[in-house]
Number of protein chains: 2
Amino acid sequence: MKKLMSIVLALGAASLAVPAAAQFAKPEDAIKYRQSALTLLGNHFGHLGGMAQGKIPFDAAAASLDADVVALVSKLPWHAFGPGTDTGRPTAARPEIWKEEAKFKGASEKMQAEVAKVAAAAKTGNLDNLKAAFGPAAQSCKACHDDFRKR
Amino acid sequence: MKKLMSIVLALGAASLAVPAAAQFAKPEDAIKYRQSALTLLGNHFGHLGGMAQGKIPFDAAAASLDADVVALVSKLPWHAFGPGTDTGRPTAARPEIWKEEAKFKGASEKMQAEVAKVAAAAKTGNLDNLKAAFGPAAQSCKACHDDFRKR
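Here the structure is a predicted model, which means the values were calculated and not measured. (Residues numbered from 1 in each chain as written. Chains lettered and ligands numbered in written order. Predicted model: local features only at pLDDT ≥ 70, side-chain atom pairs only at ≥ 80, totals over all residues. Heavy atoms only, no water.)

Things to note about the overall build of chain A
Now for step 1: Broken down by element type, chain A carries 6 helices and 0 strands.
Now for step 2: Traced from its N-terminal end to its C-terminal end, chain A shows the element sequence α-α-α-α-α-α.
Now for step 3: The burial tally for chain A puts 48% of its 151 residues in the buried class.
Now for step 4: Long-range contacts, defined as pairs at least 24 residues apart, comprise 72% of the intrachain contacts of chain A with a sequence gap of at least 6.
Now for step 5: Carbon and sulfur atoms make up 57% of the accessible area of chain A, which amounts to about 7,000 Å² in all. (Helix = DSSP H or I, 4+ residues; strand = E, 2+ residues; numbered from the N terminus. Buried < 20%, exposed > 50% of the residue type's maximum accessible area, 1.4 Å probe, protein only. Contact = heavy atoms within 4.5 Å. Areas by Shrake-Rupley, 256 points an atom, 1.4 Å probe, with all protein chains shown as cover.)

Encoded structure:
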């Protein structure tokens, strides 16, 4: 087990240092984590949007992977917005996230629900389904950004 | 559709600008994407490692989510190491990634295979299974970092 631990430490990534009491050792780790999740989400959601808008050809296999990513990754960022994670690394998070917690939670849940619908639509392999689901999900992203993300 | 496009553009994330010919508009987008994927992977793999090592209590539900993330996200970074993505944003990627492509591909595939075993083990809800699978996967991460990641 000692050898195993030394291998993990040797990986040298701060995010691998998991403390006993919390998933993030430092606020900057939480910020980096949530930014990473939102970057992946934005990329794959944007890729689906490109297909929904006819900007890129519809590719059922790519859409299926995008669906898997957005369905799973949309669940991840939220626990990384804990108390004290408003600073520690450059962040576009607005103070309202911690002042209006219920509203922020509601917005995040709305987005997850809409994105789940997009993922299900993308999984059907039918472009019309994707087109129908994409707009409301994009609006749920925008609504949360408008209220809780610095411009 | 114009309205839909304006919503997507209004989201303001560069990663949402999906070009017709490639998933990344700029090398920096590719670098940010792969770093984000590896950050999420490191976090959740590290969380599983903490449980495997007895540093944090084993939690079957958390381990199951970790398993979903590492199984999916371990597949993602590789297409973002395309030609010309060696610069554009600070990166720890070593030039050997593009000089020894077959070796890099082999290392990435070894990691994905080992991480898939960890994910399957974590899904069993049995800590001993997780312990058994974790070491070889951690070594596959380390091996690739040793050869292809700047210290």
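Focus: the confidence of the model for chain A
Residue and element names in this part refer to chain A.
Now for step 1: Averaged over every residue, the pLDDT of chain A is 88; residues scoring 70 or more account for 85%.
Now for step 2: Segment residues 1-22: pLDDT under 50, and 40 contacts once partners within four positions in sequence are set aside and those in other chains are kept.
Now for step 3: For this predicted complex, the interface confidence score (ipTM) comes to 0.86, while the overall pTM stands at 0.86. (pLDDT = per-residue confidence, 0-100.)

A look at the packing of helix α5 (residues 101-123) of chain B against helix α6 (residues 127-148) of chain B
All names here are of chain B.
Now for step 1: It is at 8 Å that the axes of α5 and α6 come closest, and there the two elements cross at 160 degrees. Comparing the axis directions of α5 and α6 gives the class roughly antiparallel. Read as a crossing pair, α5 and α6 show a hand that is left-handed. Mapping the contact onto sequence places K103, F104, A107, K110, M111, E114, V115, K117, V118, A121 and A122 in α5 and N129, L130, A133, F134, P136, A137, S140, C141, C144, D147 and F148 in α6.
Now for step 2: The class makeup of the residues in the contact of α5 with α6 is 15 nonpolar, 2 polar and 5 charged. (Axes fitted to C-alpha atoms, helices over the stretch in contact; angles between N-to-C directions. Parallel < 35°, antiparallel > 145°, perpendicular 65-115°, else oblique. Left-handed = near helix turned anticlockwise from the far one by under 90°. Nonpolar A, V, L, I, M, F, W, Y, C, P; charged D, E, K, R; others polar.)

A look at the environment of S74(A)
Residues and elements named next belong to chain A.
Now for step 1: Inspection of the secondary structure puts S74 in the loop between α3 (60-73) and α4 (96-99).
Now for step 2: Overall, S74 belongs to the buried group, its relative accessible area being 2%.
Now for step 3: Spatially, the C-alpha atom of S74 lies 12 Å from that of Q35, the residues being 39 residues apart in sequence.
Now for step 4: Beyond its immediate stretch of four places on either side in the chain, S74 contacts L41, V69, M111, Q112 and V115.
Now for step 5: In this structure the side chain of S74 is engaged in a polar contact, spanning 2.8 Å, whose partner is the backbone oxygen of V70. (Polar contact = N/O pair within 3.5 Å; in protein donor to acceptor, adjacent residues only side chain to side chain.)

A closer look at the packing of helix α3 (residues 60-73) of chain B against α5(B)
Residues and elements named next belong to chain B.
Now for step 1: In the contact formed by α3 and α5, the axes pass within 8 Å of each other and the chain directions differ by 160 degrees. Taken together, α3 and α5 sit at an angle that is classed as roughly antiparallel. Classified by chirality, the crossing of α5 by α3 is left-handed. On α5, the residues touching A63, S64, A67, D68, V70 and A71 of α3 are V115, A119, A122 and K123.

Remarks on the pattern of salt bridges
Now for step 1: This structure, assessed with the given rule, holds 19 salt bridges over all chains.
Now for step 2: Close ionic contact of K105(A) with E109(A) constitutes a salt bridge, the shortest N to O distance being 2.7 Å. One end of the pair is K105(A) and the other is E109(A), both in helix α5 (residues 101-123) and 4 residues apart, which spans about a single turn.
Now for step 3: With a shortest N-O distance of 3.4 Å, D147(B) and K103(B) are connected by a salt bridge. Here D147(B), found in helix α6, pairs with K103(B), found in helix α5; they are 44 residues apart in sequence, far enough to count as distant.
Now for step 4: Here the salt bridges do not stand alone but share partners, grouping E100(A), K103(A) and D147(A) into one network. (Salt bridge = Lys/Arg side-chain N within 4 Å of Asp/Glu carboxyl O.)

Here we look at helix α2 (residues 27-52) of chain B
Residue and element names in this part refer to chain B.
Now for step 1: An ideal rise of 1.5 Å per residue puts 38 Å on 26 residues; α2 measures up with 37 Å between its terminal C-alpha atoms.
Now for step 2: Of all 26 residues in α2, 21 are buried, a share of seventy percent or more.
Now for step 3: Among the residues trailing α2, G54 stands out with phi positive, at a value near 75 degrees. (Expected span 1.5 Å × (residues − 1).)

Describing the side chain of H44(A)
Now for step 1: Turning to its location among the elements, H44(A) is positioned in helix α2 (residues 27-52).
Now for step 2: What makes H44(A) buried here is its relative accessible area of 1%.
Now for step 3: A distance of 2.6 Å separates a polar atom in the side chain of H44(A) from a polar atom in the side chain of Y33(B).
Now for step 4: Beyond its immediate chain neighbours, meaning those up to four positions away, H44(A) contacts D66(A), V69(A), V70(A), Q23(B), Y33(B) and L76(B).

Description of the packing of aromatic side chains
All names here are of chain A.
Now for step 1: A complete count under the given rule lists 14 aromatic pairs over all chains for this structure.
Now for step 2: A centroid spacing of 5.7 Å and a plane angle of 70 degrees characterise the contact between W78 and F104, whose relative ring orientation is edge-to-face. Of this pair, W78 sits in the loop between α3 and α4 while F104 is found in helix α5, placing the two residues 26 residues apart along the sequence.
Now for step 3: Residue classification places W78 among the buried residues on the basis of a relative accessible area of 19%.
Now for step 4: Seen in terms of ring centroids, F81 and W98 are 6.4 Å apart; in terms of plane orientation they differ by 50 degrees. Their pairing is tilted. Taken as a pair, F81 in the loop between α3 and α4 and W98 in helix α4 lie far apart in primary sequence, 17 residues in all.
Now for step 5: On the basis of relative accessible area, F81 is assigned to the buried category, the value being 12%.
Now for step 6: Taken together, the aromatic side chains of W78, F81, W98, F104 and F148 make up a single cluster linked through ring pairs. (Phe/Tyr/Trp six-rings, centres within 6.5 Å; stacked < 30°, edge-to-face > 60°.)

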